[in-house]
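Here is what each chain is made of, one letter per residue.
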Amino acid sequence: MNKSKPSNVAQFDQNVFEQTLPQISHYYRQSLLSSSETIQWFNERLETKKLCLPLLGYANRTLGNQLLSPRSKEGQLLRGALKRLGILKPSGHERLSGSALVLLHCGSALHAIYGERIGRCSGHCSRQQWLVFQSELEIYKPPSDLKTAYLMAISLQSKYEEANHA
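Residues numbered from 1 in each chain as written. Predicted model: local features only at pLDDT ≥ 70, side-chain atom pairs only at ≥ 80, totals over all residues. Heavy atoms only, no water.

**Q** Just checking my understanding: could you explain the packing of aromatic side chains for this structure?
**A** The geometry of two aromatic rings is summed up by the distance between their centres and the angle between their planes. Within the structure shown, the criterion is met by one aromatic pair. A ring pair is formed by W41 and F42, whose centres lie 5.6 Å apart and whose planes are at 80°; its orientation type is edge-to-face. F42 shares its class with W41; the two are buried. (Phe/Tyr/Trp six-rings, centres within 6.5 Å; stacked < 30°, edge-to-face > 60°. Buried < 20%, exposed > 50% of the residue type's maximum accessible area, 1.4 Å probe, protein only.)

What follows is the structure in structure tokens.
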């Protein structure tokens, strides 16, 4: 039995990766900017005077409200692609819900997200999440903590900027 995805599904997922993930990343950044508590949480844990805010985000449990309705065909397709990418759980809920995020970018492409749960975490949830979208990067090993993920994001962004200014 062939378990590979039909080419039209693979193409749709690629389109979601290229077009929708940057929008989701932007949404997470905007969510952070509207949460002074989360910015303070980052400052305390990263022990830095100036945060690089474009590399950070907050999953405040509202992403699902921004997506197309799961009752529409387009919404079902989009949510299916986001489930395959790992942004949504199989149940349709946001995987990183309630987490402070480090967004690992290379230009506009989102390569990975490190999420660390803020506040309570019931027994069945993971305090840390690591989603990788671009496996060709040398970031297969999940960071051990928030600070490591943040330093990885800064390094990745610096390499991208150096390559484009050379």
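Moving on, there is more to tell.
**Q** Where do I start with the environment of S97 in this structure?
**A** Summarising the element assignment, S97 is placed in the loop between α4 (73–85) and β2 (99–106). Counting along the chain gives 19 residues from S97 to E116, while the straight-line C-alpha distance between them is 9.6 Å. Apart from the residues lying within four places of it in its own chain, the contact partners of S97 are A59, R61 and R117. Polar side-chain contacts of S97 include one of 3.4 Å to the side chain of R61. (Helix = DSSP H or I, 4+ residues; strand = E, 2+ residues; numbered from the N terminus. Contact = heavy atoms within 4.5 Å. Polar contact = N/O pair within 3.5 Å; in protein donor to acceptor, adjacent residues only side chain to side chain.)

**Q** Could you clarify how one ought to interpret α4 in this entry?
**A** Residues that lie three or four places apart on an α-helix share one face, since the helix turns once every 3.6 residues. End to end, α4 covers 19 Å across 13 residues, agreeing with the expected 18 Å (1.5 Å per residue, within 8%). Within the span of α4, buried status applies to G75, L78, R79, G80, A81 and L82. Phi turns positive, to about 100°, at G86, one or two residues after α4. (Expected span 1.5 Å × (residues − 1).)

**Q** What's the story with the sheet that holds strand β4 (residues 128–132) in this structure? I'm lost.
**A** Pairing between the strands of a sheet is mediated by backbone hydrogen bonds and can be parallel or antiparallel. Taken in spatial order, the four strands make up an open sheet running β1-β2-β3-β4, and their pairing is antiparallel. Here the strands that pair on one side only, and so sit at the sheet edges, are β1 (56–59) and β4. Averaged over all pairs of adjacent strands, the angle between strand axes in this sheet comes to 25°, irrespective of strand direction. Judged from the four bridges that link them, β1 and β2 form a sheet pairing that is antiparallel. Paired with A59 across the bridge in β2 is S99. Packed onto the sheet, helix α2 (residues 36–46) meets β1, β2 and β3 (109–117) and runs at close to 75° relative to β2. Strand contacts of helix α5 (residues 146–165): β1, β2, β3 and β4, with the helix running at about 25° to β2, the strand carrying the most contacts. (Pairing = 2+ DSSP bridges. Axes fitted to C-alpha atoms, helices over the stretch in contact; angles between N-to-C directions.)

**Q** Just checking my understanding: could you explain α5 for this structure?
**A** The terminal C-alpha atoms of α5 lie 29 Å apart, and with 20 residues this matches the ideal 28 Å at 1.5 Å per residue to within 8%. Among the residues of α5, those classed as buried are L146, A149, Y150, A153, L156 and Q157. What you see down the axis of α5 is that its buried residues fit within an arc of 125°, all on one side. With respect to the buried face of α5, the exposed residues turned more than 90 degrees away are L151, K159, E162, A163 and H165. Elements in contact with the buried residues of α5: α2, β1, β2 and β3. Its side-chain oxygen 3.3 Å from the backbone nitrogen of K147, D145 forms the N-cap of α5. (Arc of directions from axis to C-beta.)

**Q** Help me understand the nonpolar core in this model?
**A** Inside soluble globular proteins, nonpolar side chains tend to come together where they are buried. Of all hydrophobic cores here, the largest spans 21 residues; its most connected members are Y28, L82, I87, I113 and F133. At six residues, helix α1 (residues 7–33) tops the list of elements feeding residues into this core. Non-local contacts of L82, meaning those with residues more than four positions away in its chain, are made with V16, I24, L67, I87 and L88. The next biggest cluster of nonpolar side chains, apart from the first, holds 19 residues, and it includes F42, V102, A149 and A153. (Core = buried A, V, L, I, M, F, W, Y, C linked by side-chain atoms within 4.5 Å.)

In short, shape yes, function no, at least from these values alone.
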